[in-house]
Number of protein chains: 2
Amino acid sequence: MTDGVNWLTAEEQHAWRGFVRLHERLMGRLSHLLQTESHVAAADYAVLVNLTDVPEGRQRYQDLARALEWEKSRMSHHITRMIKRGLVVREDCPEDGRGAFAVITEAGREAIAAAAPLHVQAVRSLFLDHLTAAELRTLAEISARVMERLDDAPER
Amino acid sequence: MTDGVNWLTAEEQHAWRGFVRLHERLMGRLSHLLQTESHVAAADYAVLVNLTDVPEGRQRYQDLARALEWEKSRMSHHITRMIKRGLVVREDCPEDGRGAFAVITEAGREAIAAAAPLHVQAVRSLFLDHLTAAELRTLAEISARVMERLDDAPER
DNA sequence: GCCGGTCCGATGACGCGTCAACCAGTTCAC
DNA sequence: GTGAACTGGTTGACGCGTCATCGGACCGGC
């Protein structure tokens, strides 16, 4: 090592770049498909899924943000956009004067009901169908392990 | 299946969501780190790497776009931004009146020289260090295979 | 040579995410 | 209770990526 930097080997580079590209391509396809076929953007989809998972389809911005690992600012911006699209409604929180709820609307329920099968089908045909059970397991393991290390790392 | 939709199993969902989250978190960390430590955004980095890979550090927009799998519009926008930052310069193409070259500047070379070790080090410590050789291989295989299928798919 | 089709890149409008600043409501120490 | 610190959400500015559209250059057949 003449320059003291531990450069990536060909295999490492290949695997890393493959991983990055794969995600980009998959998400590109997926969000494009969702957008054109069901008029629900990927981010909208994620929020709506969270809202339908919970009784009455209402959740604090806070909790949504935590669940999706979004910044509160992003959540606030995004919900206002979703309100404009009629997917969701904002409600004040009686217990905490600062708080706010996002509540899914009927249109929101219809939108996700239409989008979900498309989404699932796409995830299968674009991704899952091409993996073996063992590969799937390895992938899940990798994700869990690396994310755990990321949480630990004081980085930043 | 009462509703005719082949919903994801718990394992499938777990693996898929893990994969997506992992990429988001990794890229978030990585680009944040590059941005704050070396003032080179991830996208800039990608362009600069391509330019340094080639003699004289000059490439057609076209070729850069193909290499990075970017839309030509994105490339055009991004290069104009990079020009403003002084990382790169635009040159007309004598052979093809429509064409344009991006040429790396001295500042561009310095920027990437500073960023590259950081980048490599981060990819290692955030990701590669936590994978076994076998896992790395599996990941590369998966990426290659799925991307191949994506190319085939007439989708869109 | 000319004309339709194609290709390269530019441009403007728009939606999205981040950052920093901010405000009002809450909590906690004292 | 009062003030300081904290928290939940908002806002505005900004950079980025996409889409649609455009203009100019190239290429093919005729």
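Note: the structure precedes this text.
Residues numbered from 1 in each chain as written. Chains lettered and ligands numbered in written order. Predicted model: local features only at pLDDT ≥ 70, side-chain atom pairs only at ≥ 80, totals over all residues. Heavy atoms only, no water.

Engineer: So what about the sheet that holds strand 2 (residues 88–92) of chain A? Which residues, and what values?
Structural biologist: Residue and element names in this part refer to chain A. With respect to topology, three strands assemble into an open sheet ordered 1-3-2, the strand pairing being antiparallel. Taken across any chain shown, the strands that pair with only one partner, and hence form the sheet edges, are strand 1 (58–60) and strand 2. Strand-to-strand twist in this sheet, taken as the mean axis angle between neighbours without regard to direction, amounts to 30°. Helix 2 (residues 42–52) rests against strand 1, strand 2 and strand 3 (100–104) of the sheet, and its axis sits at about 90° to strand 3. In the packing of helix 4 (residues 72–84) onto the sheet, contacts are made with strand 2 and strand 3, and the angle to strand 2 comes to roughly 120°. (Pairing = 2+ DSSP bridges. Helix = DSSP H or I, 4+ residues; strand = E, 2+ residues; numbered from the N terminus. Axes fitted to C-alpha atoms, helices over the stretch in contact; angles between N-to-C directions. Contact = heavy atoms within 4.5 Å.)

Engineer: Can you explain the pattern of salt bridges? Please cite residues and give values.
Structural biologist: Residues and elements named next belong to chain A. All chains considered together, the criterion is met by 20 salt bridges over all chains. For R58, the salt bridge identified is with E91, shortest N-O distance 2.5 Å. Residue R58 is found in strand 1, and its partner E91 is found in strand 2; the two are separated by 33 residues along the sequence. Taking the relative accessible area as the measure of exposure, R58 reaches 25% and is therefore partly exposed. Residue D96 pairs with R98 through a salt bridge whose shortest N-O separation is 2.8 Å. (Salt bridge = Lys/Arg side-chain N within 4 Å of Asp/Glu carboxyl O. Buried < 20%, exposed > 50% of the residue type's maximum accessible area, 1.4 Å probe, protein only.)

Engineer: Any chance you could break down the sheet that holds strand 2 (residues 88–92) of chain B for me, citing the residues and the numbers?
Structural biologist: Residue and element names in this part refer to chain B. The strand order across the open sheet built from three strands is 1-3-2, with neighbouring strands paired in antiparallel fashion. Single-partner strands in this sheet number two, and they are strand 1 (58–60) and strand 2. Pairs of neighbouring strands in the sheet enclose a mean axial angle of 30°, with direction left out of account. Note that strand 2 and strand 3 (residues 100–104) share five bridges and pair antiparallel. Residue D92 lies in a different strand from strand 3, and its bridge partner there is A100.

Engineer: Quick one: what's the story with the relation of the copies chain B and chain A, residue by residue and with numbers?
Structural biologist: Superposition record for chain B on chain A: RMSD 0.1 Å, screw rotation 180°, translation along axis 0.0 Å. Overall, the copies show the geometry of a two-fold rotation axis. A symmetric contact is evident, with 100% of the interface residues of chain B recurring at the interface of chain A. (Least-squares fit on C-alpha atoms with pLDDT ≥ 70 in both.)

Engineer: Could you give an account of the protein's contact with DNA strand D, with specific residues and numbers?
Structural biologist: Around DNA strand D, a shell composed of 23 residues is seen, among which Q62 and R90 of chain A together with R74, R81 and R85 of chain B lie nearest. Across the atoms of DNA strand D situated within 4 Å of the protein, the share located in sugar and phosphate is 64%. K72 of chain A is positioned with one of its side-chain polar atoms (N or O) 2.9 Å from a base oxygen of DNA strand D. Between DNA strand D and E71 of chain B there is a distance of 2.9 Å, counted from a phosphate oxygen to a side-chain nitrogen or oxygen. Counting only elements with at least two residues in the surface near DNA strand D, the list comes to helix 3 (61–68) and helix 4 of chain A together with helix 4 (72–84) of chain B. (Near = heavy atom within 4 Å. Polar contact = N/O pair within 3.5 Å; in protein donor to acceptor, adjacent residues only side chain to side chain.)

Engineer: How would you summarise the packing of helix 1 (residues 10–38) of chain A against helix 6 (residues 133–152) of chain B if you had to cite specific residues and measurements?
Structural biologist: At a minimum axis separation of 8 Å, helix 1 of chain A and helix 6 of chain B run at an interaxial angle of 40°. When the interaxial angle is binned, helix 1 of chain A and helix 6 of chain B end up oblique. You can see that helix 1 of chain A and helix 6 of chain B cross each other, and the crossing is left-handed. Touching E11, E12, H14, A15, G18, F19, R21, L22, R25, L26 and R29 of chain A of helix 1 of chain A are L136, L139, A140, I142, S143, V146, M147, L150 and D151 of chain B, all from helix 6 of chain B. (Parallel < 35°, antiparallel > 145°, perpendicular 65-115°, else oblique. Left-handed = near helix turned anticlockwise from the far one by under 90°.)

Engineer: Got a sec to walk through the interface of chain B and chain A? Specific residues and values, please.
Structural biologist: Taken residue by residue, the interface counts 53 residues in chain B and 53 residues in chain A. Where chain B abuts chain A, roughly 5700 Å² becomes buried across the two surfaces, and 69% of that area is made up of carbon and sulfur atoms. On the chain B side of the interface with chain A, the three residues burying the most area are W16, F19 and R25 of chain B, jointly 13% of the side's total. Between E69 of chain B and R25 of chain A there is a salt bridge, and its shortest N-O distance comes to 3.2 Å. There are 22 residue pairs in polar contact (both at pLDDT 80 or more) connecting chain B and chain A. Of all the secondary structure elements, the ones that give two or more residues to the side of chain B that touches chain A are helix 1 (10–38), helix 3 (61–68), helix 5 (106–126) and helix 6 of chain B. Residue contributions to the side of chain B that touches chain A peak at 18 residues, all from helix 1 of chain B. In terms of residue class, the side of chain B that touches chain A is made up of 30 nonpolar, nine polar and 14 charged. (Buried area = accessible area lost by both parts, 1.4 Å probe. Nonpolar A, V, L, I, M, F, W, Y, C, P; charged D, E, K, R; others polar.)

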